Amino acid sequence: MFLKHAEIKPARISALLGAAERAARAIPPAFPLTATVAVNPFMGQANLDLANTQARLARVAGVRLTQTRAQYGALLDAGTITNTDLHDALLASDSPRKPASLTALLAHLSSPGHQPAALPTLADHAAQASGTDWPAIIARSFGLWAAGHFETGQALWTPAPGKGAFSAWRDWASHDLTPEISGLTGFCAHVAAAPDTAERAILHVCDALDIPDAAAESVFHRLLMDLGGWTQHARWLLWQAELEGGTDSTVTDLLAIRLIWETALLAHAPALATPWAQTCAAHAEPVAATADHCIDAILQDASERAYQRKLAAALSGRQPHEGRATLQAAFCIDVRSEVFRRQFESLNNGIETLGFVGFFGLPLAHKPHGTDMAQSHLPVLLHPTVTSCNHATPAREHSARIAARAVRAWGRFRQAAVSSFAFVEAAGPLYGWKLVKSALARTPQAGPTTPAPRFETALSAQDKAETAAKILRAMSLQSGHARLVLLLGHGATIPNSPHASAYQCGACGGQSGEVSARLLAQLLNDPETRAGLPAQGITLPDDTLFLAGLHDTTTDKVTVFPDTPAPDHKRDIAQAVDWLDRAGALTRAVRAARLPRARTDKIIARAANWAETRPEWGLAGCAAFIAAPRTTTAGADLGGRAFLHSYDWQTDEGFSTLELILTAPVVVASWISLQYYASSVAPVAFGGGNKLIHNVVGGIGVVQGNGGILRPGLPWQAVHDGQRLVHTPLRLSVLIEAPQHAIADVLARHDGLRALFDNTWLHLLALQDGQVRARYRPGLNWQAVEQLA
C-alpha cells in the first residue's frame, strides 16, 4: 500500500505538500479554555465571498452558512426586512448567477434552497458498504489518543511526552486493537508499516489513494474538518509558534493520521476504489457558487441592510455637554458596556462616557499573585512588551505559593490511580455538603484580595509620559478632563463553566480587564508621567484623578480600586460609586427582560448558581462597531449590540489612531461577531455543542459525552434560549466617522483588512456629522448614501 519515496515525482511532491499547507491554513485556530478568545471561523476563506465560502464549506463540512429561506421569509413577513432591502442587496451583488429581478428573488423564498452535504470520505463509503459506523469509530479512537497527547495538566499521566503528534500516534495506534475488534483487520500492522514522518506518509498515501493533484487540497480540507476541534487546536499551536517566530507541524501530522485511516479502509475493502474515484473527481472540480448560494448570500445581505437602516435611524447626533464634565468614565468597547453606559449617563447630564479597548493600550504579560506564570493581557493579534505582576512581599508571596502547591497536591491525590478510590469513599459526604452550599448560594462569593498590580518592566520618566500620551490620544482624551476619570475594565462571574474565559475581556486575551485598568490609572496618576506630558502636547489638570474599576458583566456591579491615595477626592469617589450602583440596578432590569426565567432582583443570584446555563448572554446580538464621538450615539438605545469606540478624527494627526482602530479593535470585533455568527448558523462544524453533556479534555476544550471530537466555538446555550436564536446572525457593520479618503488609505496599506471588506465579511459605512453618508464598495470605492433610515 505504501510506495517508496523515490517513485514520487518532484512536481507531485511539491503539489501535494503545497496542498497540505493550504488546507492547514484554511482551518481556523481554536484557543484553549484558559483563554478562550473568539476567532474568525472563516479566517482561511477571507479571500472568498460568502457565496463561494458556502460552496467550499458545503463540500468539505456539509454546513450552510446562512439562515434558511423560511427564516428570511418570516423576517420579510414581519417587516424586519423590506422589499427595498432586498432590492438594494440584489443590486449590490455582482454574481452572474443572481436572480434577474426582485420578483424572481421573492419567488425563491418559497423554496428550501440547497441542502448541503459534504463529499463522502472513504470512511463514509465504508460505512455505507458495511453498515459499520466507521466515522464514529475513527472519531472515538482518534479522540481518545488526542485527549492524552494534547493534555496540558488536567491529567496526571501523558502517553508520550515530548513526541510529535504523528510519531506519538503511530506508536499508540500500532498497539490499539479497537479498529481490529471493530472489523478492520491488520490495522496495527498497517500503521506500523506507514512511513516514519507525516510528510512521507501524506505523499505515499496520496499515491495509494490515487488522489489527483487537483483534488488534493479539497480532500485534505475535508479530512481536517472531519477531525473537528482537534485540527483547530493544532492550528492554534501553529498560530502561537508563528507569533514567536517559529513554526509547528501538528496540523500536517493530523492530516497524515487521518489519511492513514483512509488507506487502511481501502486496503480492507478494495471495492471502495470505484466510489472513491468518483469522490476524488468531485473534489478536483473548481469550487464555484451555485445560484442557490448566491440567492442565500443576497438574502443575508438584505437582513444586514435592514439592521443598518434601523441603526442609522437610532443615531442621535446630540450636541456635546457645555462646560467641564462632572465625571468621565472610560469603558471597554464590549457591547455589554453599551447598556451600562446609557444607564449611567442618564443619571446626570455631567456624566460623560468613552469607549476604548479593554486592555487600555498596555501590552502586558502579567504574573498573578502566587505564580511566575505570565498571562497575556492583550489582543491575540499583538505581542506583549511590558511585564507586570501582583506579587506581594516575599513572605506573603511564599505563603501563597505554598498554598497553591498544597491545592495541586490535593488535586493529584484525588485523581491518582489508587488513592482516588479511597478518596471517594472517605470524602464523598464532605463534597456533598459543598454541592449543597453551591446550590443554595444567593450571591457570588468575593475572591481573596490580592496586592495591587505593578509594572515589573522598568519605565523611565520619558517612557511613562510617551506611553500615557499615546494612550490618551488613542482614547481621543487629550483635553477636557473631568476632576474624576474612571477607567473601567470588565470581567464576569461565571461559576462551573469550561468556557468562563469567553465571557471575560477579549481584548485582554480572555482575562479580566482589572489589571490593565489599574496599571493605567497608576501610570496616569504618577507624578513623573504628569510632569512629562506637556512635552507630549498634553496637559492634565492638577485636580484630575484617574480611578480604576471593574465592571462585572454578569452582575452589573462595579468595584473601584483606589490604588492612589486621594483624600481630596473622597466625595467625588463616593458620588461616583453611588451612580455606578444605581446604573447597575437599571442595567440589571434591562438584562432581565432578555434572560430566560430571570427577575431583576435575581440577576446577581444567577451569577452564583453553578447549575445556571445562561448566567448572561455574553456578546450575543453583537452587530455593529461604531468609531465616532460619543455625541453620535449618546442617548440612543442600541440594544447592547454595538461596540462603541470613542474617536475624533479632527484631533487625529496623520490618522494614526484611525489606522490602529481599523487594524486592531475592528478585527477583534469582527472575530467575535463571526464566531457568534458561525456558532448560530453552522453549530455542527463551528459550535461548542450542548453544555449539559460537556466534558473538559486536556484543559484545552470540551467533548460531548465521554469522548470523540473536540468541540470548538460557543455552546448552543450561548446563542439559543431553548426556543429561538438569541443571536441574530449578521456580519458586523462598521461605522467610522472619518473622511472617506483616510479610511481608504488605511485599507490600501493592509491587504488582509481590505479583503474582509472587499469580500463583505464586514460592512463599512462612513459617517459625517453623526449620519451615514457613504457605503464602502469593493476596490476602495464608495457609494454615496442619501438616507438609510
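In every chain, residue numbers begin from 1 and rise along the written sequence. For this predicted model, a pLDDT threshold of at least 70 governs which residues receive local features, and a threshold of 80 or more governs which side-chain atom pairs are given and counted, while totals over whole chains, interfaces and linings are taken from all residues. The basis for every side-chain value is the complete set of heavy atoms in the structure, and neither hydrogens nor water enter the calculation.

1. Topic: the packing of aromatic side chains
Thought 1: Stacked, tilted and edge-to-face are the three classes applied to pairs of Phe, Tyr and Trp rings, where Trp contributes its six-membered ring and a pair requires centres within 6.5 Å; stacked means planes under 30 degrees apart, edge-to-face means over 60, and tilted covers the rest. Enumeration according to the criterion identifies 18 aromatic pairs in this entry.
Thought 2: When the centroid spacing of 5.7 Å and the interplanar angle of 75° are considered together, the rings of F42 and F686 count as edge-to-face. One end of the pair, F42, is in the loop between α1 (10–25) and α2 (50–61); the other, F686, is in helix α27 (residues 683–686), with 644 residues separating them in the sequence.
Thought 3: The buried label goes to any residue with under 20% of its type's maximum accessible area, the exposed label to any with over 50%, and the partly exposed label to all in between, with areas taken from a 1.4 Å probe on protein chains only. For F686, a relative accessible area of 5% corresponds to the buried category.
Thought 4: The interplanar angle of 65° and the centroid separation of 5.7 Å between the aromatic rings of W239 and W671 together place this pair among those described as edge-to-face. One end of the pair, W239, is in helix α13 (residues 229–243); the other, W671, is in helix α26 (residues 665–681), and 432 residues separate them in sequence. In this structure, W239 and W671 share a single accessibility class: buried.
Thought 5: A connected cluster of aromatic rings, assembled from ring pairs, spans F31, W236, W239 and W671. Strands are runs of DSSP state E lasting at least 2 residues, helices are runs of H or I lasting at least 4, and numbering of each runs from the N terminus.

2. Some remarks on the pattern of salt bridges
Thought 1: Any carboxyl oxygen of Asp or Glu that lies within 4 Å of a side-chain nitrogen of Lys or Arg is treated as forming a salt bridge with it. Counted by the stated rule, this structure contains 39 salt bridges.
Thought 2: A salt bridge links R12 to D213, with the shortest nitrogen-to-oxygen separation between them at 2.4 Å. Within this pair, whereas R12 is found in helix α1, its partner D213 is found in helix α12 (residues 213–226), the two being separated by 201 residues in sequence.
Thought 3: With relative accessibility at 37%, the residue D213 sits in the partly exposed group.
Thought 4: The network of salt bridges with common partners includes D124, R222, D226, R258 and E262.

3. Notes on unusual backbone geometry
Thought 1: In the Ramachandran plot, T760 falls in the positive-phi region, its phi being about 60° despite a non-glycine side chain.
Thought 2: Along the chain, the position of T760 falls in the loop between α29 (751–758) and β15 (763–768).
Thought 3: Classification of T760 as partly exposed rests on a relative accessible area of 25%.

4. Notes on helix α15 (residues 273–284)
Thought 1: Here, expected helix span is obtained from the residue count minus one, scaled by 1.5 Å. The terminal C-alpha atoms of α15 lie 16 Å apart, and with 12 residues this matches the ideal 16 Å at 1.5 Å per residue to within 8%.
Thought 2: Tucked inside the fold, the buried residues of α15 contact α2, α6 (122–130), α12 and α14 (250–268). Any pair of residues with heavy atoms lying within 4.5 Å of one another is described as a contacting pair.

5. Points about the nonpolar core
Thought 1: The biggest cluster of nonpolar side chains holds 172 residues, and the ones touching the most others in it are I211, F220, L254, L487, F625, F643 and L658.
Thought 2: If sequence neighbours within four positions are ignored, L254 has contacts with F142, W145, F150, A165, L227, W230, T231 and A234.
Thought 3: Note on terminology: a nonpolar core comprises buried Ala, Val, Leu, Ile, Met, Phe, Trp, Tyr and Cys residues joined through side-chain atoms within 4.5 Å. Of all hydrophobic cores here, the second largest spans 19 residues; its members include F340, I351, L484 and L580.

6. A closer look at the pairing of strand β9 (residues 557–561)
Thought 1: As judged from the 5 bridges shared by strand β8 (residues 545–552) and β9, these two strands associate in the antiparallel manner. Its bridge partner being in β9, L550 is matched across the sheet by T559.
Thought 2: Between any two strands, at least two bridges found by DSSP are needed for them to pair. Between the end of β8 and the start of β9, which pair antiparallel, lie 4 residues, with D556 showing a positive phi angle near 55°.

7. What about the environment of H569?
Thought 1: Relative to the helices and strands, H569 resides in the loop between β9 and α23 (570–592).
Thought 2: Sequence-distant contacts of H569, defined by excluding residues within four places in its chain, comprise R483, D543 and L545.

8. A closer look at the side chain of T36
Thought 1: One can find T36 in the loop between α1 and α2.
Thought 2: Leave out the neighbours within four places in its chain, and T36 touches S501 and A502.

9. Concerning the sheet that holds β8
Thought 1: The mixed open sheet is built from 5 strands, whose spatial order is β2-β1-β7-β8-β9. The open sheet terminates on both sides in strands that have one partner only, identified here as β2 (351–356) and β9. For this sheet the average axis-to-axis angle between neighbouring strands, irrespective of direction, equals 25°. Angles run from 0 to 180 degrees between N-to-C directions of axes, and those axes are lines fitted to C-alpha atoms, restricted for helices to the stretch in contact.

10. Quick notes on the sheet that holds strand β6 (residues 454–455)
Thought 1: Pairing is mixed in the open sheet, where 4 strands are placed in the order β4-β3-β5-β6. Every other strand in the sheet has two partners, leaving β4 (375–377) and β6 as the edge strands with one partner each.
Thought 2: Direction of pairing for strand β3 (residues 364–367) relative to β4: antiparallel, over a ladder of 3 bridges. Bridging across to β4, H366 finds its partner in Q375.

11. Re α6
Thought 1: Along α6, the residues classified as buried are L122, A123, H125, A126 and A127.
Thought 2: Turning to α6, the residues buried within the fold contact α7 (134–149), α14 and α15.
Thought 3: Following α6 by one or two positions, G131 has its phi on the positive side, about 85°.

12. A short note on the state of the cysteines
Thought 1: Any two cysteine sulfur atoms within 2.5 Å of one another count as a disulfide. Applying the stated criterion across every chain yields a total of 0 disulfides.
Thought 2: In this model C389 remains outside any disulfide bridge; the closest cysteine sulfur is found in C508, 17 Å from its own.
Thought 3: The closest cysteine sulfur to the non-disulfide-bonded C505 is located on C508, 3.2 Å from its own sulfur.
Thought 4: By relative accessible area, C505 is classed as buried at 0%.

13. A few points about the environment of T385
Thought 1: Along the chain, the position of T385 falls in the loop between β4 and β5 (386–389).
Thought 2: The class for T385 is exposed, based on a relative accessible area of 59%.
Thought 3: If sequence neighbours within four positions are ignored, T385 has contacts with P363 and T457.

14. Concerning the pairing of strand β16 (residues 771–777)
Thought 1: As judged from the 4 bridges shared by β15 and β16, these two strands associate in the antiparallel manner. Across the sheet, the residue bridging to Q768 is Q771, located in β16.
Thought 2: As consecutive antiparallel partners, β15 and β16 are separated by 2 residues, and within that stretch D769 has a phi angle of approximately 55°, a positive value.
Thought 3: In the sheet, β16 pairs with strand β17 (residues 781–784) via 4 bridges, with the strands oriented antiparallel. Directly across from A774, in β17, lies its bridge partner A784.
Thought 4: The antiparallel pairing of β16 with β17 creates a hairpin that spans 3 residues between the two strands, and G779 there sits at a positive phi of about 90°.

15. Considerations on the packing of α2 against α12
Thought 1: At a minimum axis separation of 8 Å, α2 and α12 run at an interaxial angle of 65°. Only E217, S218, H221, R222 and M225 of α12 make contact with α2, whose side of the interface consists of R56, L57, R59, V60 and A61.

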